[in-house]
Amino acid sequence: MTDKVNLAQKLSQFDNHWSPRIVAGYNGNDIMVVKVEGEFVWHSHPDTDDLFLCLHGSVDIELRDKVVTLQEGELCVVPAGVEHRPVARGEAHLMLIEPSGTPNTGDPDTAVDKPVI
């Protein structure tokens, strides 16, 4: 890929929450955007870190021992194996980066499909 990606334009293409869309790839990783609102499920990724970059709004990354609140322009990396739950009190937009094929819930049986847009 040698063209730019407009994240706002990609986010305007869908409305559903907690359904990541792949916008690019990078060294075997998916770069995704997602709209979030409400609570996601508690989960972990045993073999990979989880990167959250807040593009719009705010989101709490709940960990079992603390809460990390992200505002626009802030990011958080949750280490591999650490149980966490993103929570957005209002709609927020995130960029996520994780290895291609990583289930968003940590469990392939409950993960959503991540279409490329």
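A. Structural context of the overall build of the chain. Counting secondary structure elements, the chain contains one helix and seven strands. Tracing the chain from N to C terminus, the helices and strands come up as α-β-β-β-β-β-β-β. For the chain, the exposed surface amounts to about 6300 Å²; the carbon and sulfur share of it is 49%.

B. Region of the structure containing the side chain of aspartate 50. You can see aspartate 50 is positioned in strand E3 (residues 50-56). Here aspartate 50 falls in the buried class, since its relative accessible area comes to 3%. With near-sequence residues (within four places) excluded, aspartate 50 lies in contact with His43, His45, Cys76, Val77, Val78, His84 and Glu98.

C. Structural detail: the pairing of strand E7 (residues 84-99). Relative to E7, strand E2 (residues 29-39) runs antiparallel, the two sharing ten bridges. Within E7, the residue paired with lysine 35 across the bridge is histidine 93. Relative to E7, E3 runs antiparallel, the two sharing five bridges. Residue pairing in the sheet places cysteine 54 in a bridge with leucine 94 of E7. Here strand E4 (residues 58-63) pairs with E7 via four bridges, running antiparallel. Note that in E7 the partner of leucine 63 across the bridge is histidine 84.

D. Examining the packing of aromatic side chains more closely. For the structure on display, the rule yields one aromatic pair. Between tryptophan 18 and phenylalanine 40, the aromatic rings sit 4.9 Å apart at their centres with planes inclined by 25°, giving stacked as the arrangement. Of this pair, tryptophan 18 sits in the loop between helix H1 (7-11) and strand E1 (21-26) while phenylalanine 40 sits in the loop between E2 and E3, placing them 22 residues apart in sequence. The same class applies to tryptophan 18 as to phenylalanine 40, namely buried. Sitting over the ring of phenylalanine 14, lysine 35 keeps its end group 5.4 Å from the ring centre. Above the ring of tryptophan 42, the side-chain terminus of arginine 64 is found at 3.7 Å from the ring centroid.

E. Highlighting unusual backbone geometry. One non-glycine residue, tryptophan 18, lies in positive phi territory at about 60°. A positive phi angle, close to 45°, is found at asparagine 27, a residue other than glycine. With respect to the helices, strands and loops of the structure, asparagine 27 is situated in the loop between E1 and E2. For asparagine 27, a relative accessible area of 67% puts it in the exposed group.

Analysis parameters
Residues numbered from 1 in each chain as written. Predicted model: local features only at pLDDT ≥ 70, side-chain atom pairs only at ≥ 80, totals over all residues. Heavy atoms only, no water. Helix = DSSP H or I, 4+ residues; strand = E, 2+ residues; numbered from the N terminus. Areas by Shrake-Rupley, 256 points an atom, 1.4 Å probe, with all protein chains shown as cover. Buried < 20%, exposed > 50% of the residue type's maximum accessible area, 1.4 Å probe, protein only. Contact = heavy atoms within 4.5 Å. Pairing = 2+ DSSP bridges. Phe/Tyr/Trp six-rings, centres within 6.5 Å; stacked < 30°, edge-to-face > 60°. Lys NZ or Arg CZ within 6 Å of the ring centre and 35° of its normal.

Function-wise, these values are silent; they only describe arrangement.
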